[in-house]
Amino acid sequence: DTAVSQTPKYLVTQMGNDKSIKCEQNLGHDTMYWYKQDSKKFLKIMFSYNNKELIINETVPNRFSPKSPDKAHLNLHINSLELGDSAVYFCASRLQGLGGNTIYFGEGSWLTVV
Amino acid sequence: QKEVEQDPGPLSVPEGAIVSLNCTYSNSAFQYFMWYRQYSRKGPELLMYTYSSGNKEDGRFTAQVDKSSKYISLFIRDSQPSDSATYLCAMRVSNNNDMRFGAGTRLTVKP
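Residues numbered from 1 in each chain as written. Chains lettered and ligands numbered in written order. Predicted model: local features only at pLDDT ≥ 70, side-chain atom pairs only at ≥ 80, totals over all residues. Heavy atoms only, no water.

### Observations concerning the overall build of chain B
The condition that has to hold: Working definition: helices are DSSP H or I runs of at least four residues, strands are E runs of at least two. Numbering for both runs from the N terminus. Computation of the radius of gyration draws on C-alpha atoms alone. For the globule rule, the value is 2.2 Å times the number of residues to the power 0.38. When a residue's accessible area, from a 1.4 Å probe over protein chains only, is under 20% of the maximum for its type it is buried; when over 50% it is exposed; and in between it is partly exposed. The contact definition used throughout considers only heavy atoms, calling two residues in contact when any of these lie within 4.5 Å.
Each helix and strand in chain B was counted, giving zero helices and 11 strands. Along chain B, from the amino end to the carboxyl end, the secondary structure elements read β-β-β-β-β-β-β-β-β-β-β. Computed over the C-alpha atoms, the radius of gyration of chain B is 13 Å, within 12% of the 13 Å expected from 2.2 N^0.38 for a compact globule of 111 residues. Taking the principal axes of the C-alpha coordinates as reference, chain B spans close to 40 × 25 × 20 Å. Per-residue burial over chain B gives 45% buried out of 111 residues. Contacts spanning at least 24 positions in sequence make up 54% of the contacts within chain B whose residues lie at least 6 apart.

See the structure below:
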């Protein structure tokens, strides 16, 4: 039983295409995230959703749009892909409040734009 | 200056060595301090967390926080090849949803 699952795990696509990465968590958490990890392993938050509301939107290009149909899902849609979008994208979730320091990460989605 | 600084390494040690991993930070409002371990081709997983200053021990791992110096450490005793991974420090302000990560230190423990 995977706690945070994201698909696809690997994605190779051409510049200019539009792609989506899906994420689901079965932990009953109320907060979900998208992180981007670049080639130097630096993990940077992109979006955070709490109970379906966007609460963080770090300076991410508007080509990236998160969509949360319900508390257990947070999908990431990317328009007009660029070479610089190549990275690993991690979905994560957390339960806010006391003891909510554990962020559970998915396995990552390796995106390569050619 | 980045909010959280961490030497990316790589760090290579022989099996059985004591490993010291460190992070410094600039935001004095951080209250919760975490260490995550990330194996190759996997997502990060929480290893330890500490609230405010002090030490916390869990098996071969010890986390230390010195808020006065804005410095946190993770010590690994009797390191094993299975400890080879990237270790990321992370921290957040209480009642704040935003967690900041360090760049991660890549550790290799050689048999």
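### So, the pattern of salt bridges
Note the following rule: By salt bridge we mean one thing: a side-chain nitrogen of Lys or Arg within 4 Å of a carboxyl oxygen of Asp or Glu.
Inspection of every chain in the model, using the stated rule, returns eight salt bridges over all chains. Two residues, Arg-63 of chain A and Glu-82 of chain A, come together in a salt bridge whose shortest N-O distance is 3.5 Å. Of this pair, Arg-63 of chain A sits in the loop between β6 (53-57) and β7 (64-70) while Glu-82 of chain A sits in the loop between β8 (73-78) and β9 (87-94), placing them 19 residues apart in sequence. In this structure, the salt-bridge partner of Arg-100 of chain B is Glu-3 of chain B, at a minimum N-O distance of 3.1 Å. In this pair, Arg-100 of chain B is assigned in strand β10 (residues 99-101) and Glu-3 of chain B in the segment before β1 (4-6), connecting sequence segments 97 residues apart. Arg-100 of chain B sits in the partly exposed class, given a relative accessible area of 25%.

### What about unusual backbone geometry?
Residue Pro-8 of chain A follows Thr-7 of chain A across a cis peptide bond; omega there is 0 degrees. When you line up the elements, Pro-8 of chain A lands in the loop between β1 (4-7) and β2 (10-13). Here Ser-52 of chain B, not a glycine, exhibits a phi torsion of approximately 60 degrees, which is positive. Residue position: Ser-52 of chain B is located in the loop between β5 (45-51) and β6 (54-58). Note on Ser-52 of chain B: relative accessible area 22%, which makes it partly exposed. Notably, Lys-70 of chain B is not glycine yet its phi reads approximately 55 degrees, a positive angle. Topologically, Lys-70 of chain B is positioned in the loop between β7 (61-66) and β8 (71-76). According to the relative accessible area criterion, Lys-70 of chain B is partly exposed, its value standing at 26%.

### Some words on the sheet that holds strand β3 (residues 19-25) of chain A
Residue and element names in this part refer to chain A. Which entries qualify depends on this criterion: DSSP calls a pair of strands paired once it identifies at least 2 bridges connecting them. For helices, the fitted axis covers only the stretch in contact; all axes are lines through C-alpha atoms, and the angles between them, taken along N-to-C directions, range from 0 to 180 degrees.
Here four strands make up an open sheet; going across it, the order is β1-β3-β8-β7 and the pairing antiparallel. Strand pairing shows two members of the sheet lacking a second neighbour, β1 and β7, which therefore form its edges. Each adjacent strand pair in this sheet contributes to an overall mean axis angle of 20 degrees, direction not counted. Across five bridges, the pairing between β7 and β8 is antiparallel. Looking at β8, one finds that Asp-70 is bridged to His-73.

### A word on the side chain of Ser-109 of chain A
Residue and element names in this part refer to chain A. Which entries qualify depends on this criterion: Within 3.5 Å is the distance limit for a polar contact, defined as a pair of N or O atoms, with the added protein rule that one can donate a hydrogen and the other accept it, and that residues adjacent in sequence qualify only through two side-chain atoms.
Among the structural elements, Ser-109 can be located in strand β11 (residues 109-113). A polar side-chain atom of Ser-109 sits 2.9 Å from a polar atom in the side chain of Gln-6. Look past the residues within four positions of Ser-109 in its chain and what remains in contact with it is Gln-6, Thr-7, Pro-8, Lys-9, Ile-21, Ala-87, Val-88 and Tyr-89.

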